Amino acid sequence: MSLRVIVVDDEADRASSVRHALEGAGFIVVATCATGADLPRKLAELAADVVIVDIDSPDRDTLEDMRRVTMEQRRPVVMFAQDGKPETIKAAINAGVAAYVVDGLKPDRVRPVIDVAIARFAQFQELRLELDKARTTLAERKLVEKAKGILMKRRKVDEDEAYRLMRRMSMDQKLRLIDIANKIIEAAELLG
């Protein structure tokens, strides 16, 4: 299956040669843009899989546009640039660019670079999901602990009994334990 690509390049001649290199490597170029300003809308509208940026040196606006693409649209961005300064590369990676290739786009390197960038992006997305899940679990655990504390104080029971009470309420009401914990906390706040 061919990947759908949007090319961002502020030089028309260079954009045309990038388009030909990508099409020669088996990609479908669905759009070429001079800037990334309207990129999130275009990505959604054109169902693009990857963003390729060919630029001499990315400026702050370009990097912010790429950050929105990687965070909001969750698409890999591959940047081909002439600027090899460490601070520029670091800024691009911090913006979510999956691959930053110095010395421009070479037709014979297009496919492997994009394949690596897509794999790295998928790995990063997986790590982000795991981190979000861990944060959610930790936040829920804190709320369950708080609710147990409320039950222990109000009902004068130990921790194990407070947990059993919450589990029983959870099963009886067919709710998750976190939902019961939230109800207990809300009731305690309401009653003072």
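Heads up: the structure comes first, above all this text.
Report on the accompanying structure. (Residues numbered from 1 in each chain as written. Predicted model: local features only at pLDDT ≥ 70, side-chain atom pairs only at ≥ 80, totals over all residues. Heavy atoms only, no water.)

Overview of the pattern of salt bridges
- Tallying each qualifying case throughout the model produces 14 salt bridges.
- Among the salt bridges present, the one from Arg14 reaches Asp9, with a minimum N-O distance of 2.9 Å. The exposure classification of Arg14 matches that of Asp9, with both residues buried.
- A salt bridge links Glu23 to Arg19, with the nearest nitrogen and oxygen atoms 3.3 Å apart. Of this pair, Glu23 and Arg19 both sit in helix α1 (residues 12–24), separated by four residues, roughly a single helical turn.
- Classification of Glu23 by relative accessible area gives partly exposed; the value is 36%.
- Residue classification places Arg19 among the partly exposed residues on the basis of a relative accessible area of 27%. (Salt bridge = Lys/Arg side-chain N within 4 Å of Asp/Glu carboxyl O. Buried < 20%, exposed > 50% of the residue type's maximum accessible area, 1.4 Å probe, protein only. Helix = DSSP H or I, 4+ residues; strand = E, 2+ residues; numbered from the N terminus.)

Looking at the packing of helix α5 (residues 110–155) against helix α7 (residues 177–191)
- Viewed as axis vectors pointing N to C, α5 and α7 meet at an angle of 50°, and their least axial separation amounts to 8 Å. When the interaxial angle is binned, α5 and α7 end up oblique. Helix-helix and strand crossings are classified by hand; for α5 and α7 the assignment is left-handed. Here Glu140, Leu143, Val144, Lys146, Ala147, Ile150, Leu151 and Arg154 of α5 come into contact with α7, specifically with Leu177, Ile178, Ala181, Asn182, Ile184, Ile185, Ala188, Glu189 and Leu191. (Axes fitted to C-alpha atoms, helices over the stretch in contact; angles between N-to-C directions. Parallel < 35°, antiparallel > 145°, perpendicular 65-115°, else oblique. Left-handed = near helix turned anticlockwise from the far one by under 90°. Contact = heavy atoms within 4.5 Å.)

Side note on the nonpolar core
- By size, the foremost hydrophobic cluster in this structure holds 22 residues, and its most contacted members are Leu22, Phe27, Ile52, Val78 and Val110.
- Looking at this core, the elements with two or more residues in it are β1 (4–8), α1, β3 (50–55), β4 (77–81), β5 (99–102) and α5.
- Counting residues per element, this core draws most heavily on α5, which supplies five residues.
- Residues contacting Val110, with those up to four places away along its chain left out, are Ala21, Leu22, Ala25, Phe27 and Leu105.
- One finds Leu43, Leu63, Met66 and Ala92 within the second-largest nonpolar core, a separate group that totals 20 residues. (Core = buried A, V, L, I, M, F, W, Y, C linked by side-chain atoms within 4.5 Å.)

Some points on the environment of Arg167
- By the element assignment, Arg167 lies in helix α6 (residues 159–173).
- Classification of Arg167 by relative accessible area gives partly exposed; the value is 39%.

Observations concerning α5
- Helix length check: α5, at 46 residues, gives a terminal C-alpha distance of 67 Å against a target of 68 Å (1.5 Å per residue), a fit within 8%.
- Within α5, the full set of buried residues consists of Val110, Val113, Ile114, Ala117, Phe121, Gln125, Arg128, Val144, Ala147, Lys148, Ile150 and Leu151.
- Just beyond α5, the residue with positive phi is Lys156, at close to 55°. (Expected span 1.5 Å × (residues − 1).)

A short note on the packing of α6 against α7
- Contact geometry for α6 and α7: axes closest at 9 Å, N-to-C directions at 110°. If you check the angle between α6 and α7, you find them roughly perpendicular. The two elements α6 and α7 meet at a crossing, and its hand is right-handed. Note on element contacts: α7 touches α6 through Leu177, Ile180, Ala181, Lys183 and Ile184, opposite Tyr163, Met166, Arg167, Met169, Ser170 and Gln173.
- By residue class, the composition of the contact of α6 with α7 is seven nonpolar, two polar and two charged. (Nonpolar A, V, L, I, M, F, W, Y, C, P; charged D, E, K, R; others polar.)

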